[in-house]
Structures are given as C-alpha cells and as structure tokens.
Amino acid sequence: MTVAEPRVPLPAEIADEEVVRRVVAGERELFELLLRRYNQRVYRAVRAILRNPDDAEDVMQQAYVNAYRHLHQFEGRSGFATWMTKIAMREAAARNRKNGSLLHVVPEFQGEATMNDFPEPSPDPERRAVAVDLMQHVEAELAALPETYRSVLLLREVEGLSTEETAACLDLSVDVVKTRLHRSRTMLRDALYRRAGVGLQTIFTFGAQRCDRVVGRVMAEIFTAAESRPSP
C-alpha cells in the first residue's frame, strides 16, 4: 500500500503539539512527521533495553502504532518526545520479559547508510577501518552494561536529554538518574569511546533503511485500520 503524502506541507519547526492536534483531527498522514522526527531517539531508547536491533525495530513499530491509537490521550503535560519514549521503553521491557534476559547481541554497524553519517577521523581508509572497529567495541561494551545503567547513559549522553527528562522517561527520581549516570560512565570508561575520535553519538544510529521501513509499516497499518473501520 502506498502511503499518502501530507495534504498540507508542514515546516520542520512546527510544534509537536500542533502535529498531534491535527493528526487527532483527522490528518493521520502527518503522523509520519513525528516518526521521522523521533526515530533516532526512540530507537536508542529501545536498544537500551533490547540487545537485538531487529527486535528493537519490531518494538518501535508496535510502540508507534500504540501511540497513534492513544494519541487522543496525549495531554501535553510532558513533551511528546518524552511521552513517546516512555511508550517505546515499556513496550521494549515487555518484549524483554517475554524473550528472557539472555538475548543474542547482534553487531549494530554492518555498512548500512545511517541518518547521521559516521564521522571520519581521516580520509585514510586504514584509519577509518580502525575507527569503525573501535565503534563496534564501544557498542559491545555498552550492550554489556546492565539495563538500568545502559538506559540512563543512552538517554543522557547519547540523546542529550536533561536529567529531568531522563528521569521522566524512566520513571526515576533525579537523584537516581545522577547516581546511575556516574556509575555507568565509570563502567564504560571514557578512554574507550574517545580513542581515535569516536564518540557516543556515533553508536546505535538508526539507519536510513530502518527509518523508511518502520515509517512505511506504521503508516500502512494506520491507513489500513482506518479504511477497514465502518463509516459512521
């Protein structure tokens, strides 16, 4: 099924709340704007819980569909990004409980073009290969952290959420977030992810192919559900 284009072009800076209002009012095709705006954050939040990127993609899709179905319940007391992140993380936690905690760790970087291009420390192919290898080690080390620390580290250091936003997403107190962040930094060791110019912002990038795949599936399900609903 082909997903319809938005009927009215929207500037990139339009507020989330306005998009939500218009989607709830019937412009469901505009939901795609929110998907593309927060795919990276939601993916990293889910990957903080699930160790398999394919599982994470499935959970993202379900979380977005759940959010769409309950979009009328969004009251704006917290930002849409926080609301969406909490839905996704709860869905991921449910999948984790279903599958068990011993999940196979799948390497993230497999040559796929990403939404945020991997920064090359040098045009030298050999040095780039070293940097890519190091990034894989960083991701493996991060995946090995306990979930309680991994989720805080990803939201705070990778996604750049404030302590308060992170606490809201994880239903924790600010003090607990601060404590876990300090411990996670110590466990990961700064020297590992800074070597060769590799930073945390380069890991668990949500690939462009994954982005299009998730968007396409979610929008197709939304339109299919709407078309199968009996007319009032």
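Cut-off values and rules
- Residues numbered from 1 in each chain as written.
- Predicted model: local features only at pLDDT ≥ 70, side-chain atom pairs only at ≥ 80, totals over all residues.
- Heavy atoms only, no water.
- Helix = DSSP H or I, 4+ residues; strand = E, 2+ residues; numbered from the N terminus.
- Contact = heavy atoms within 4.5 Å.
- Salt bridge = Lys/Arg side-chain N within 4 Å of Asp/Glu carboxyl O.
- Buried < 20%, exposed > 50% of the residue type's maximum accessible area, 1.4 Å probe, protein only.
- Core = buried A, V, L, I, M, F, W, Y, C linked by side-chain atoms within 4.5 Å.
- Axes fitted to C-alpha atoms, helices over the stretch in contact; angles between N-to-C directions.
- Parallel < 35°, antiparallel > 145°, perpendicular 65-115°, else oblique.
- Left-handed = near helix turned anticlockwise from the far one by under 90°.
- Nonpolar A, V, L, I, M, F, W, Y, C, P; charged D, E, K, R; others polar.
- Expected span 1.5 Å × (residues − 1).
- Arc of directions from axis to C-beta.
- pLDDT = per-residue confidence, 0-100.
- Polar contact = N/O pair within 3.5 Å; in protein donor to acceptor, adjacent residues only side chain to side chain.
- Phe/Tyr/Trp six-rings, centres within 6.5 Å; stacked < 30°, edge-to-face > 60°.

Participant: Teacher, can you tell me more about the overall build of the chain here?
Facilitator: If you tally the helices and strands in the chain, you get 10 helices and 0 strands. Taking as baseline every contact in the chain between residues at least 6 positions apart, the subset at least 24 positions apart corresponds to 71%.

Participant: Help me understand the pattern of salt bridges, please; the structure alone is not making it clear to me.
Facilitator: Once their charged atoms are close, side chains differing in charge can pair, the charge on each being opposite to the other. On inspection of all chains with the given rule, the structure shows 16 salt bridges. The partner of R44 in a salt bridge is E159, and the shortest N-O contact between them spans 2.8 Å. A residue pair is termed long-range when its members are at least 10 positions apart, and R44 in helix 2 (residues 31–47) and E159 in the loop between helix 6 (147–158) and helix 7 (163–170) qualify at 115 residues. With respect to class, R44 is no different from E159; both count as buried. The salt bridge partner of D171 is K86, with a shortest N-O separation of 3.1 Å. Residue D171 is found in the loop between helix 7 and helix 8 (174–188), and its partner K86 is found in helix 4 (residues 80–99); the two are separated by 85 residues along the sequence.

Participant: Would you take a moment to explain the nonpolar core for this structure?
Facilitator: For soluble globular proteins, the rule of thumb is that nonpolar side chains tend to be buried together. Ranked by internal contacts, the top residues of the largest apolar core, which has 56 residues, are F31, V42, V46, Y64, F80, M84 and V218. Apart from the residues lying within four places of it in its own chain, the contact partners of V218 are F31, L35, Q61, Y64 and V65.

Participant: Looking at this model, I keep getting lost on the packing of helix 2 against helix 3 (residues 53–69). Mind explaining?
Facilitator: The N-to-C vectors of helix 2 and helix 3 enclose an angle of 135 degrees; their axes lie 10 Å apart at closest approach. In terms of axis orientation, helix 2 runs oblique to helix 3. The hand of the helix 2/helix 3 crossing is right-handed. On helix 3, the residues touching F31, L35, Y38, N39, V42, Y43, V46 and R47 of helix 2 are P53, A56, V59, M60, Y64 and Y68. When its residues are assigned to classes, the contact of helix 2 with helix 3 shows 12 nonpolar, 1 polar and 1 charged.

Participant: Explain helix 8 here, please?
Facilitator: A rise of 1.5 Å per residue sets the reference length of helix 8, with its 15 residues, at 21 Å; its end C-alpha atoms lie 21 Å apart and thus fit the reference within 8%. Looking only at helix 8, the buried set comprises V177, L181, S184 and L188. Across the axial projection of helix 8, the buried residues extend over an arc of 70 degrees, all falling on one side. For helix 8, exposure combined with an orientation more than 90 degrees from the buried face picks out D175, H182 and T186. Just beyond helix 8, the residue with positive phi is R189, at close to 70 degrees.

Participant: Mind showing me how you'd approach the confidence of the model for the chain here?
Facilitator: The predicted coordinates of low-pLDDT regions are not to be read in fine detail. Confidence in the prediction for the chain averages 78 pLDDT; 75% of positions are at 70 or higher. Ranking the elements of the chain by mean pLDDT puts helix 9 (residues 190–194) last, at 56, and helix 1 (residues 16–24) first, at 94. Long-range and interchain partners of residues 1–8, a stretch whose pLDDT sits below 50, account for 20 contacts in this model, where long-range means more than four residues apart. A low-confidence stretch, residues 101–122 (pLDDT under 50), is modelled with 54 contacts involving residues beyond four sequence positions or located in other chains.

Participant: Help me understand the side chain of T82 in this model?
Facilitator: Examined against the element boundaries, T82 turns out to sit in helix 4. Excluding its chain neighbours within four sequence positions, the residues that come into contact with T82 are R41, A168 and C169.

Participant: Explain the environment of E147 here, please?
Facilitator: With respect to the helices and strands, the residue E147 is situated in helix 6. In this structure the C-alpha to C-alpha distance between E147 and A48, which are 99 residues apart in sequence, comes to 6.4 Å. With residues near it in sequence (within four places) discarded, E147 still touches A48, I49 and N96. Of note is the side chain of E147, whose polar atom sits 3.4 Å from the side chain of N96.

Participant: Would you explain the packing of aromatic side chains in this entry?
Facilitator: Each aromatic ring pair is described using two quantities: the centre-to-centre distance and the angle formed by the ring planes. Taken as a whole and assessed by the stated rule, the structure comprises 5 aromatic pairs. Ring centres of F74 and W83 lie 5.3 Å apart, and the angle between their planes is 55 degrees; this geometry places the pair in the tilted category. Overall, the relative accessible area of 18% leaves W83 in the buried class. When the ring of F80 is compared with that of W83, the centres are 5.8 Å apart and the planes differ by 45 degrees; the resulting orientation is tilted. Within this pair, F80 and its partner W83 are both found in helix 4, separated by 3 residues, close to a single helical turn. Through successive ring pairs, a cluster of aromatic residues spans Y38, F74, F80 and W83.

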